[in-house]
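# Survey of secondary and tertiary structure
Residues per chain, in single letters:
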Amino acid sequence: MPIELKSFNNKISIILLLLILSNYFFMSLGFFNLILKINIILFFVSIIYFYTKNFKNNLSLKIYFLLIVIICLGTAAEGWDLRSLYLFHAKRIFFDQSLYSVADNYAVFSHNDYPLLPHAFSASFAFLSGYWHEVFPKSAYTFFYLAPLIFLSSHIDKKKYLILLSLIIFFLGTHLYDGGIDGLVAIYFITTAYCIYEIFFSRKNENNNPIFIFSTFLFCVCLSLLKNEGFALLVLILLTASFVSLFEKKLLFNLRRILILCFSFIPFIVWKIFCYKNGISNTDFTFSLLNENLLERLVVLENFLLFFQYLIISNEKVIIALLFFAFSFYFNFNKKLFYFVIFLFSSYLALLLIIYFSTPYDINYHLETSANRVVESLTLLLGFFSLYNLNILNKTS
């Protein structure tokens, strides 16, 4: 890809991320007026500029994303998570005109402790139109995908990028347009993981410039503010980078960059302090549940069989992702990348095991109702880095 186009894509993705985060920032300050509408208008103007500037460039992404948006706008808001959690919080923000309306801890089932970045963005679509309509605010979750999709288009060659778009459709499916947050977590997870790998372990100087590092920081902040799982994944990415740096005897060399990226934790920590002061907690995972359920379930073999049955064995998408990963690294065994992905995959799988074994619900019920969603980050991780590994092979051969 020409350097000018790559720079343009990076700048557009940064602008979109900054506008999403500034929307959240304005709401946190109580600015529910013209400033908020101007911010969202600038977001749409930036997208129009991306589409009209050199129209033939990124044509596959432009067509792909436009079709997804049309499908999103043409489908109703359905599903428990969307109506009772995500749009419910967006609706409260819109009608209460406050990002802090969850302080009353009303409707505990809606996970009031979850960060509100995507829901604040959804509410801003309603503020722009002037009234609440579930379909238009639902599309905000789809527009949230655009920044990482544009960014990744600059770092993978054209043919591989078409395959990546196909993998995203295959692994994320309806979450691209039905308002599901787990798909967003998956795409921001692999984008953040890619950025951090490039900063720490790539030999390309172009990915150690301030613009790339700033993009990485913004992706880190967004990932942490999508869901609680997003913050956990961000921590795992940085721990993985630290582990591989230690293995490569470069921990001290990378320590400064690790500490800089840790500042992206601040917005999430501030949100959690707010939740703590208002008595808002997560009802599905607490430290008391670790003592009550985890130790008891760890000694039951059937629980492990259930866990791996739902998350890996009976999930054809996970099997396909694992086979693609094995195929990719058989042809090009990149040791650093292999260790990075395997450690990240294994650590997230271990975290999921702890969460499911600590759940206050029946473990079979919890796995049955959520396993297909949470594995999206795992499958996209394997799929993306398998493709990235083959991309490296083409460049070196």
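What comes next is a walk through the structure. (Residues numbered from 1 in each chain as written. Predicted model: local features only at pLDDT ≥ 70, side-chain atom pairs only at ≥ 80, totals over all residues. Heavy atoms only, no water.)

### Thoughts on the overall build of the protein chain
Helices and strands together make up the secondary structure of the protein chain, namely 18 helices and zero strands. For the protein chain, whose C-alpha radius of gyration is 21 Å, the value lies close to the compact-globule estimate of 21 Å for 397 residues. Projected onto its principal axes, the C-alpha positions of the protein chain cover 60 × 60 × 40 Å. Counting across all 397 residues of the protein chain, residues that qualify as buried make up 56%. Carbon and sulfur atoms provide 69% of the accessible area of the protein chain, an area that totals close to 17,400 Å². Side chains of the protein chain give 28 positive and 22 negative charges; the mean places of these two sets differ by 15 Å. (Helix = DSSP H or I, 4+ residues; strand = E, 2+ residues; numbered from the N terminus. Rg over C-alpha atoms; globule rule 2.2 N^0.38 Å. Buried < 20%, exposed > 50% of the residue type's maximum accessible area, 1.4 Å probe, protein only. Areas by Shrake-Rupley, 256 points an atom, 1.4 Å probe, with all protein chains shown as cover. Lys, Arg positive; Asp, Glu negative; His and termini not counted. Charge placed at Lys NZ, Arg CZ, Asp CG, Glu CD.)

### Section: the nonpolar core
By size, the foremost hydrophobic cluster in this structure holds 140 residues, and its most contacted members are Leu149, Tyr188, Leu311, Phe340 and Phe385. If you tally residues by element for this core, the top one is helix H9 (residues 181–201), at 16 residues. The residues touching Leu311, leaving out its near neighbours within four places in the chain, are Val318, Leu349, Leu352, Tyr356, Leu367, Ala371 and Val375. (Core = buried A, V, L, I, M, F, W, Y, C linked by side-chain atoms within 4.5 Å. Contact = heavy atoms within 4.5 Å.)

### Some points on the packing of aromatic side chains
Here the structure, examined in full by the defined rule, presents 56 aromatic pairs. Ring plane angle 65 degrees and centroid distance 5.6 Å describe the contact between Phe144 and Tyr188, whose orientation is recorded as edge-to-face. Within this pair, whereas Phe144 is found in the loop between helix H6 (135–143) and helix H7 (146–153), its partner Tyr188 is found in helix H9, the two being separated by 44 residues in sequence. We note that Phe144, like Tyr188, is buried. Following the ring pairs from residue to residue traces out a cluster consisting of Phe43, Phe44, Phe65, Phe121, Phe125, Phe136, Phe143, Phe144, Phe151, Tyr188, Phe212 and Phe219. One Lys or Arg, Lys62, reaches over the ring of Phe50 and ends 5.1 Å from the middle of that ring. The positively charged end of Lys317 is found above the aromatic ring belonging to Phe170, 5.5 Å away from the centroid. (Phe/Tyr/Trp six-rings, centres within 6.5 Å; stacked < 30°, edge-to-face > 60°. Lys NZ or Arg CZ within 6 Å of the ring centre and 35° of its normal.)

### Looking at the side chain of Asn9
Along the chain, Asn9 turns up in helix H1 (residues 3–28). Reaching out from Asn9, the side chain makes a polar contact with the side chain of Asn58 at a distance of 3.2 Å. (Polar contact = N/O pair within 3.5 Å; in protein donor to acceptor, adjacent residues only side chain to side chain.)

### Thoughts on H7
Counting buried residues along H7, eight of its eight residues qualify, which places the element largely inside the surrounding structure. All of the buried residues in H7 are Leu146, Ala147, Pro148, Leu149, Ile150, Phe151, Leu152 and Ser153.

### Quick look at a nonpolar patch on the surface
Where nonpolar side chains cluster on the molecular surface, the patch consists of Phe55, Leu59, Ile63, Leu66, Leu67 and Ile70 and spans about 560 Å² of accessible area. Within the secondary structure, Leu59 sits in helix H3 (residues 59–73). The exposure class assigned to Leu59 is partly exposed, which follows from its relative accessible area of 31%. (Patch = residues over 30% accessible without salt bridge, like charges linked within 9 Å, V, L, I, M, F, W, Y side chains within 5 Å. Salt bridge = Lys/Arg side-chain N within 4 Å of Asp/Glu carboxyl O.)

### Considering the packing of helix H11 (residues 228–247) against helix H17 (residues 335–358)
Close contact between H11 and H17 brings their axes to 9 Å; oriented N to C, the two are set at 140 degrees. Considering their axes alone, H11 and H17 lie oblique with respect to each other. H11 and H17 meet at a crossing whose hand is right-handed. Touching Ala232, Leu233, Leu236, Ile237, Leu239, Thr240, Ala241, Phe243, Val244 and Phe247 of H11 are Lys336, Tyr339, Phe340, Phe343, Leu344, Ser347, Tyr348 and Leu351, all from H17. (Axes fitted to C-alpha atoms, helices over the stretch in contact; angles between N-to-C directions. Parallel < 35°, antiparallel > 145°, perpendicular 65-115°, else oblique. Left-handed = near helix turned anticlockwise from the far one by under 90°.)

### Considerations on the environment of Phe345
Inspection of the secondary structure assignment puts Phe345 in helix H17. Since its relative accessible area comes to 9%, Phe345 is described here as buried. In this structure, the C-alpha to C-alpha distance between Phe345 and Ile237, residues 108 residues apart in sequence, is 9.9 Å. Discounting chain neighbours no more than four positions away, the residues touching Phe345 are Leu322, Leu378, Leu381 and Leu382.

### Some remarks on the side chain of Asn389
Position of Asn389 among the secondary structure elements: in helix H18 (residues 363–396). For Asn389, a relative accessible area of 0% puts it in the buried group. Apart from residues lying up to four places away in sequence, Asn389 is in contact with Ser328, Phe329, Asn332, Asn334 and Leu337.

### Regarding the packing of H11 against helix H12 (residues 251–262)
Closest axis-to-axis distance for the H11/H12 pair is 9 Å, and the angle between their directions is 170 degrees. The pairing of H11 with H12 is recorded here as roughly antiparallel in orientation. Between H11 and H12, the residues in contact are Leu238, Ser242, Ser245 and Leu246 and Leu251, Asn254, Ile258, Leu261 and Cys262, respectively.

### Some details on the pattern of salt bridges
Using the criterion set out here, one finds nine salt bridges in the structure. Linking Asp96 and Arg92 is a salt bridge whose minimum nitrogen-to-oxygen distance equals 3.7 Å. Of this pair, Asp96 and Arg92 both sit in helix H4 (residues 80–96), four residues apart, roughly one helical turn. Take Arg92: its relative accessible area is 12%, and that puts it in the buried class.

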